[in-house]
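One letter stands for each residue in the lines below.
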Amino acid sequence: MSDSTLQETAKPGHNSGTTLTLDQSHKNYETAQSVLPGGTTRATIKRTPVPIYMSHSEGAYLHDVDGNRYLDFVGNYTAAIHGSLFPPVAEALKRQLDLGTCYANPTEWEIKLAGVLADRIPAVDKVRFMNSGTEAILFAVKAARAYTGKSAIAKLEGAYHGGYDWVEVSESSTPENWGEGDPVSTPYYEGMPRSVLEDTVVLPVNDVENSRRILEANADRLACIIVDIMPSRAGLIRLRPDYIGMLHEVTKAHGIVLISDEVLNFRYSYHGISHAFGLKPDLISFGKVIGGGLPIGAVGGSNEVMSVFDSSQGAPKLKQGGTFAANPLSMVAGYTSMQYLTPEVFDHLNALGDQVRTGIAMIARDLDLQLCASGGGSIFRLHLLAEEPTGYRAAWTPPKAETLMKEIASGLLTRGYMIPSDSSACCSVPMTDDDIGSFLSALRDVLTNMPDAKARIEASVAERAT
Ligand code: PMP
């Protein structure tokens, strides 16, 4: 990479860099608490100290109701790949709004969007649409059950796959409950049915031999193994090639359906992430970017496994409906957005991601801090560690590190840069090299001005070791 692409731009952040004025957000939050539990609808909404209420967006920027502007590295948790207002999608939606928002009949847009996925992704012959990534996971797991006649599933420790009970198991395991040896199936919420825990087998990330042993011991009852090749909540670490090879061997040998969760990581490349990593899934779950900013989910896969959804010859093995499934607005937005996600656009996005990760490594070196970034493509995640972690337990953020990460995210926010403190950040198509340069410059400034940053980061690393 040339020096010029690594340059940090000296220009100041977009906001004052001292404190944010959030008067209107404070007022909104007060009202919200009387009608919403905890004042919000999503557990992932950050309070900084109150949720920041947005007014509008342009390009890669968001504007809040108090007049602050942020360069957005959250991107609605990676969904807003073109930014939150993409004019071609807005225009296409306006045209569709004049024609109707939903019918109990299909539209041509559904065929077009399914065609884009089938054309781009070698593992996809057929597609079914839903309204969220959660549903895309739920129906992929059910399809695997209907296809195999088995009910248990296997998943990676710490991996997030949305709100379906079985995939929530061990999603937020901690040192208090993850056990000494093989990962223990830990409940995600009080009252999670025991049967769910019993029917979910949890695998240690990137531990080939132990995962193989656990899978083989449970093969007779496993309908599927669900993996995210770069599980964001588990640290945005990458599955190693030998781990992927083991997944192929075990699933083929035992008739287990291999599901790739690409709800978040489809944006890794033009052909999706499984293709880029040589994973050959039977089913893929999609969401986020394929909806062009509107709610969407989809399951795609081979003709054979997808045939469980086929109701043309009578009752299907798996009935999947949904009042708003394949609604024309989501289909129009998704199809239009995908037309602009060309191979060249992915090259641009991924170069931005490389620039961020390399820049963070340089900052860590210059300031002599234990700091690194994991990820790939246009997605990155900060860790207060000298080296990129390779498993969930190494990536897990202990309380001291969590506090520091919040401080870093808050320092960036006051300077006009929005990143999530506890999950993955992403670049968007409208971002430029200069945007990345100014972000890196702000990050350097935040870390330089953080009192006792080096000692406190070291203390947080020591906390992991204990
Ligand atoms: N899987 C992964 C990997 C995700 O990141 C998400 C959402 N963050 C989901 C599934 C669930 O998607 P949704 O929020 O659309 O239900």
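A closer look at the environment of phenylalanine 346
At step 1: Within the fold, phenylalanine 346 resides in helix 14 (residues 343-367).
At step 2: Each C-alpha atom, one on phenylalanine 346 and one on alanine 453, is 35 Å from the other, the two residues being 107 residues apart in sequence.

Details of the sheet that holds strand 3 (residues 69-72)
At step 1: Ordered by their spatial adjacency, four strands build an open sheet running 1-2-3-13, and the pairing between neighbours is mixed. Every interior strand has two partners, whereas the edge strands, strand 1 (54-58) and strand 13 (417-418), have only one.

Comments concerning the site of the ligand
At step 1: Every residue near the ligand is listed here: Ser132, Gly133, Thr134, Tyr160, His161, Gly162, Asp228, Asp261, Val263, Leu264 and Lys288.
At step 2: One of the backbone nitrogen or oxygen atoms of glycine 133 is found 2.8 Å away from an oxygen atom of the ligand.
At step 3: In this structure, an oxygen atom belonging to the ligand sits 2.7 Å away from a side-chain N or O atom of threonine 134.
At step 4: Summarising the interface, the protein chains cover 80% of the accessible area of the ligand, which totals 390 Å² for the free molecule.
At step 5: Of the residues belonging to the shell around the ligand, the class tally is three nonpolar, five polar and three charged.

Describing the pattern of salt bridges
At step 1: One pass over the full model with this rule turns up 17 salt bridges.
At step 2: For the salt bridge of arginine 213 with aspartate 182, the shortest nitrogen-to-oxygen distance reads 2.8 Å. A residue pair is termed long-range when its members are at least 10 positions apart, and arginine 213 in helix 9 (residues 208-218) and aspartate 182 in the loop between helix 7 (165-168) and helix 8 (194-198) qualify at 31 residues.
At step 3: Arginine 213 gets classed as partly exposed once you look at its relative accessible area, which sits at 41%.
At step 4: The class for aspartate 182 is partly exposed, based on a relative accessible area of 33%.
At step 5: A salt bridge links lysine 454 to glutamate 458, with the nearest nitrogen and oxygen atoms 3.1 Å apart. Here the residue lysine 454 and the residue glutamate 458 both occupy positions in helix 18 (residues 453-465), the gap between them amounting to four residues, near one helical turn.

Quick look at the nonpolar core
At step 1: Counting 36 residues, the largest nonpolar core has Phe73, Ile360, Ile408, Leu412 and Phe439 as its most contacted members.
At step 2: Counting only elements with at least two residues in this core, the list comes to helix 14, strand 12 (379-383), helix 16 (399-414), helix 17 (433-449) and helix 18.
At step 3: The dominant element in this core, judged by the number of residues it contributes, is helix 17, at seven residues.
At step 4: Dropping the residues within four chain positions of it, isoleucine 360 is found in contact with Leu371, Cys372, Ala373, Phe380, Leu382, Leu440 and Leu443.
At step 5: Ranked by size, the runner-up nonpolar core spans 34 residues in total, among them Ala152, Ala219, Ile256 and Ile379.

Description of the pairing of strand 10 (residues 297-301)
At step 1: Here strand 10 lies mainly inside the structure; five of its five residues are buried.
At step 2: Taken together, the five bridges between strand 4 (residues 126-130) and strand 10 define a ladder with antiparallel strand orientation. Along strand 10, the bridge assignment pairs lysine 126 with glycine 301.
At step 3: Across four bridges, strand 9 (residues 283-286) lies against strand 10 in antiparallel orientation.

Quick look at the packing of aromatic side chains
At step 1: Counted by the stated rule, this structure contains twelve aromatic pairs.
At step 2: Seen from their ring centres, phenylalanine 86 and tyrosine 340 are 5.1 Å apart, and the 85 degrees between their planes marks the pair as edge-to-face. One end of the pair, phenylalanine 86, is in the loop between helix 3 (75-78) and helix 4 (87-97); the other, tyrosine 340, is in the loop between helix 13 (328-339) and helix 14, and 254 residues separate them in sequence.
At step 3: A relative accessible area of 41% means that tyrosine 340 is categorised as partly exposed.
At step 4: An angle of 70 degrees between the planes, with centres 5.9 Å apart, marks the rings of tryptophan 178 and tyrosine 392 as edge-to-face. Here tryptophan 178 is found in the loop between helix 7 and helix 8, whereas its partner tyrosine 392 is found in helix 15 (residues 392-395), with 214 residues between them in sequence.

Some thoughts on the domain arrangement of the protein chain
At step 1: Splitting the protein chain by domain gives domain 1 (5-84 + 343-465) and domain 2 (87-339).
At step 2: Computed over C-alpha atoms only, the centres of domain 1 and domain 2 are separated by 27 Å.
At step 3: The interface is formed by 32 residues belonging to domain 1 together with 32 residues belonging to domain 2.
At step 4: Summing both sides of the interface, domain 1 and domain 2 together bury roughly 2500 Å²; the carbon and sulfur share of this comes to 56%.
At step 5: Considering only the surface of domain 1 that becomes buried against domain 2, Phe346, Tyr392 and Arg393 emerge as the three largest contributors, covering 31% of it.

Describing the side chain of aspartate 64
At step 1: Tracing the backbone through its elements, the reader meets aspartate 64 in strand 2 (residues 61-64).
At step 2: A polar atom in the side chain of aspartate 64 sits 2.8 Å from the backbone nitrogen of asparagine 68.
At step 3: At a separation of 2.6 Å, a polar atom in the side chain of aspartate 64 contacts the side chain of tyrosine 70.

A short note on the packing of helix 4 against helix 13
At step 1: Axis separation between helix 4 and helix 13 bottoms out at 9 Å; the angle between their running directions is 150 degrees. In terms of their interaxial angle, helix 4 and helix 13 are classed as roughly antiparallel. The handedness of the crossing between helix 4 and helix 13 comes out as right-handed. In this structure, helix 4 contributes Pro88, Val89, Ala92, Leu93, Gln96 and Leu97 to the contact, and helix 13 contributes Pro328, Leu329, Val332, Ala333, Thr336 and Ser337.
At step 2: Across the contact of helix 4 with helix 13, the residue classes break down as nine nonpolar, three polar and no charged.

Parameters at a glance
- Residues numbered from 1 in each chain as written.
- Predicted model: local features only at pLDDT ≥ 70, side-chain atom pairs only at ≥ 80, totals over all residues.
- Heavy atoms only, no water.
- Helix = DSSP H or I, 4+ residues; strand = E, 2+ residues; numbered from the N terminus.
- Pairing = 2+ DSSP bridges.
- Near = heavy atom within 4 Å.
- Polar contact = N/O pair within 3.5 Å; in protein donor to acceptor, adjacent residues only side chain to side chain.
- Areas by Shrake-Rupley, 256 points an atom, 1.4 Å probe, with all protein chains shown as cover.
- Nonpolar A, V, L, I, M, F, W, Y, C, P; charged D, E, K, R; others polar.
- Salt bridge = Lys/Arg side-chain N within 4 Å of Asp/Glu carboxyl O.
- Buried < 20%, exposed > 50% of the residue type's maximum accessible area, 1.4 Å probe, protein only.
- Core = buried A, V, L, I, M, F, W, Y, C linked by side-chain atoms within 4.5 Å.
- Contact = heavy atoms within 4.5 Å.
- Phe/Tyr/Trp six-rings, centres within 6.5 Å; stacked < 30°, edge-to-face > 60°.
- Domains from an automatic or database assignment.
- Buried area = accessible area lost by both parts, 1.4 Å probe.
- Axes fitted to C-alpha atoms, helices over the stretch in contact; angles between N-to-C directions.
- Parallel < 35°, antiparallel > 145°, perpendicular 65-115°, else oblique.
- Left-handed = near helix turned anticlockwise from the far one by under 90°.

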